[in-house]
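The residues making up each chain are set out below.
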Amino acid sequence: MLFMHMYPLTAILAVHCGLSSPTCPAGENCFAAPEHLRWSLLQSSAKQTAGRATSNLEAGHDMQKPGLLKYLADELLPAPKTVVPQSNDTSLCEADAEAAEQTFCPSSCPYAAEMSNEFCHFRCVQSNQCGLLGTVENATIPDDNVMACRHCKVEACAKCVAAAPGQVGEKLEHCVKCMPGYTLSEEGECEMNGISVFIAIGVVGAIAAVGIIWWYAMICSKPCVNPEGVEYGLQGRHRMKLSQPGCGEPYPLTTNLLTTNVAGPATMAFFRYEAAILVWAIVLLLVWLGFAFFVSMDLLTLGTRIASTPQLLCAVVAWGRKRQMELVWTKVSWLAFAYVFSFLGAIAYGIQQTKMIATVNDKDATMTSFALKLEGLPKFNGKDPVEEKITTAVKKATG
């Protein structure tokens with residue numbers, strides 16, 4: 001599945017940006033037909049190289065504010081090993097305005113730098129050439145993880161300053177202003193504040209938990225001084241429970257509340273509503289998964305791929321736009337089905353609910369069984385004792 005996703009990504013870069021794959025012999029098309037498919041340099045390198053390749057589009061966001069869990073994970077867990085395949089075509093170092101995948105750059109100029117005057121065009125440069133030779137001036141940091149020239153990026157930094165173009169050394173970036181909750185160190189890094197606060201909260205929570213357990217144990221160990229009152233209360237609670245008519249036993253957990261009148265027709269209507277919502281959502285989900293299974297699995301990945309470098313972002317956007325236009329008919333079809341299914345389902349649901357309530361009211365004793373409707377009453381003014389007159393008339397008529 002990895003190489004299936006990587007193939008269209010490489011093809012888009014080659015076609016959209018005018019870069020030919022170094023593995024294609026002259027005059028041949030590496031992407032001509034599935035039966036004649038050849039591995040590109042990106043695919044073959046990722047296939048043969050151990051470790052995690054950065055071309056898998058798996059990378060974090062640049063300016064994320066790390067949380068406590070991420071802080072602890074970074075401190076305790078080792079960083080994963082990153083492997084970036086490289087090309088053997090040294091002529092790519094001379095290409096000023098052609099886009100290049102990060103894995104296409106040779107070892108003599110291994111870093112992909114974005115051109116400043118042309119959109120989605122890159123150049124392979126050396127580490128001391130980031131920000132020079134017509135590339136973006138602010139992207140002066142050669143990143144060995146993605147083999148690309150990037151902007152200044154210090155964790156939890158609000159204002160970062162990068163080294164000048166062409167500058168070499170170990171410290172090429174430092175922070176001058178950290179995000180709230182962090183303190184700027186002398187090395188230009190941002191250190192998290194409030195670790196002691198989290199520790200204090202944990203200690204207080206542990207003490208509170210111990211106190212609650214101790215209090216509950218003390219309550220349970222106290223002697224019973226009013227057994228008659230406790231028994232009377234338990235009997236009253238038992239009488240308030242819903243029980244099966246005739247035997248007085250509680251309803252089992254397997255009772256179907258869609259068809260069994262446990263606490264009136266309103267309870268049945270509520271659970272039927274919940275069931276209708278579940279059926280509606282599951283049917284729409286299954287239809288969408290059916291489109292993905294029978295048409296293209298790209299329907300499940302469009303808009304979710306993460307690009308760690310500018311050239312990967314160009315490839316992802318180009319690929320996503322192309323696939324979106326090719327698969328737009330599936331979205332329109334799904335929306336049409338969802339509209340028709342929701343409309344007809346709502347009508348059927350309303351009919352079933354109305355029939356259920358009428359059937360339960362006729363079969364069982366419900367709230368409507370304790371109501372009386374009087375017709376043909378004369379007009380009364382505001383001074384007449386209406387309730388007394390009606391009560392007297394009903395008693396006289398019913399005996």
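These figures come from a predicted structure and were not determined experimentally.

Scoring rules and cut-offs
- Residues numbered from 1 in each chain as written.
- Predicted model: local features only at pLDDT ≥ 70, side-chain atom pairs only at ≥ 80, totals over all residues.
- Heavy atoms only, no water.
- Core = buried A, V, L, I, M, F, W, Y, C linked by side-chain atoms within 4.5 Å.
- Buried < 20%, exposed > 50% of the residue type's maximum accessible area, 1.4 Å probe, protein only.
- Helix = DSSP H or I, 4+ residues; strand = E, 2+ residues; numbered from the N terminus.
- Axes fitted to C-alpha atoms, helices over the stretch in contact; angles between N-to-C directions.
- Parallel < 35°, antiparallel > 145°, perpendicular 65-115°, else oblique.
- Contact = heavy atoms within 4.5 Å.
- Nonpolar A, V, L, I, M, F, W, Y, C, P; charged D, E, K, R; others polar.
- Polar contact = N/O pair within 3.5 Å; in protein donor to acceptor, adjacent residues only side chain to side chain.
- Expected span 1.5 Å × (residues − 1).
- Disulfide = S-S within 2.5 Å.
- Salt bridge = Lys/Arg side-chain N within 4 Å of Asp/Glu carboxyl O.
- Phe/Tyr/Trp six-rings, centres within 6.5 Å; stacked < 30°, edge-to-face > 60°.
- pLDDT = per-residue confidence, 0-100.

All right, on to the nonpolar core then. Counting residues in hydrophobic clusters, the biggest one holds 10 residues: Cys152, Val154, Ala156, Cys157, Cys175, Cys178, Met179, Tyr182, Cys190 and Met192. Among the secondary structure elements, those contributing two or more residues to this core are β8 (173-178) and β10 (190-192). Within the second largest apolar cluster, eight residues are counted, among which are Cys130, Ala139, Met147 and Cys149.

This paragraph deals with the packing of helix α7 (residues 310-326) against helix α8 (residues 328-363). In contact at an axis separation of 4 Å, α7 and α8 are set at 50° when each is read in the N-to-C sense. Judged by the inter-axis angle, α7 sits oblique to α8. Of α8, the residues touching α7 (which contributes Gln324, Met325 and Glu326) are Val328, Trp329 and Lys331. Broken down by class, the residue content of the contact of α7 with α8 amounts to three nonpolar, one polar and two charged.

The next thing to look at is the side chain of Thr366. Counting through the fold element by element, Thr366 comes out in the loop between α8 and α9 (386-398). Side chain to side chain, Thr366 and Asn361 meet in a polar contact 2.9 Å long. Apart from residues no more than four positions distant in its own chain, Thr366 is found in contact with Pro265, Val360 and Asn361.

This brings us to α9. If you check α9, its first and last C-alpha atoms are 18 Å apart, about what 13 residues at 1.5 Å a residue would give, namely 18 Å. Of all 13 residues making up α9, only zero are buried, and the element is barely covered by its neighbours. At the C-terminal side of α9, Gly399 shows a positive phi close to 80°.

This part takes up the state of the cysteines. This structure, assessed with the given rule, holds five disulfides. Across a sulfur-sulfur distance of 1.6 Å, Cys152 and Cys160 are joined as a disulfide pair. Residue Cys152 is classed as buried on the basis of its relative accessible area of 15%. A relative accessible area of 24% places Cys160 in the partly exposed class. Two residues share a disulfide in this structure: Cys178 and Cys190, whose sulfurs sit 2.1 Å from each other. Between Cys178 and Cys190, the S-S torsion sits near -95°, and that sign places the bridge as left-handed. Separated by 12 residues along the polypeptide, Cys178 in strand β8 and Cys190 in strand β10 bring together distant segments of the chain. Each member of the pair, Cys178 as well as Cys190, carries the same accessibility label: buried.

On to the environment of Met147. Residue placement: Met147 occurs in the loop between β5 (141-143) and β6 (148-150). With 35 residues separating them in the primary sequence, Met147 and Ala112 have C-alpha atoms 6.5 Å apart.

Between side chains of opposite charge, pairing is possible as soon as their charged atoms come close. Inspection of the entire model under this criterion finds seven salt bridges. In this structure, the salt-bridge partner of Asp298 is Arg323, at a minimum N-O distance of 2.9 Å. Residue Asp298 is found in the loop between α6 (265-294) and α7, and its partner Arg323 is found in helix α7; the two are separated by 25 residues along the sequence. For the pair Asp298 and Arg323, one class covers both residues: buried. Between Arg323 and Glu326 there is a salt bridge, with the nearest N and O atoms lying 2.4 Å from each other. Of this pair, Arg323 and Glu326 both sit in helix α7, three residues apart, which is roughly one turn of that helix. Under the relative-accessibility criterion, Arg323 is labelled buried at 16%.

With that out of the way, let us pick up the environment of Cys175. Along the polypeptide, Cys175 turns up in strand β8. Apart from the residues lying within four places of it in its own chain, the contact partners of Cys175 are Val154, Cys157, Ala158, Lys159, Cys160, Leu184, Gly188 and Cys190.

This part covers the packing of aromatic side chains. Considering all chains together, one arrives at six aromatic pairs under this definition. Between Phe337 and Phe341, the ring centres sit 5.6 Å apart and the planes meet at 10°, which makes this aromatic pair stacked. With a gap of four residues between them, Phe337 and Phe341 both fall in helix α8, about one helical turn apart. Residue Phe341 is classed as partly exposed on the basis of its relative accessible area of 25%.

Take the confidence of the model for the protein chain next. Mean pLDDT for the protein chain: 76, with 74% of residues reaching 70 or above. Of all helices and strands in the protein chain, the one with the weakest mean pLDDT is helix α2 (residues 41-48) (29), whereas α6 scores best (95). Note on residues 1-66: pLDDT is under 50 here. Beyond four places in sequence and across chains, it has 115 contacts.

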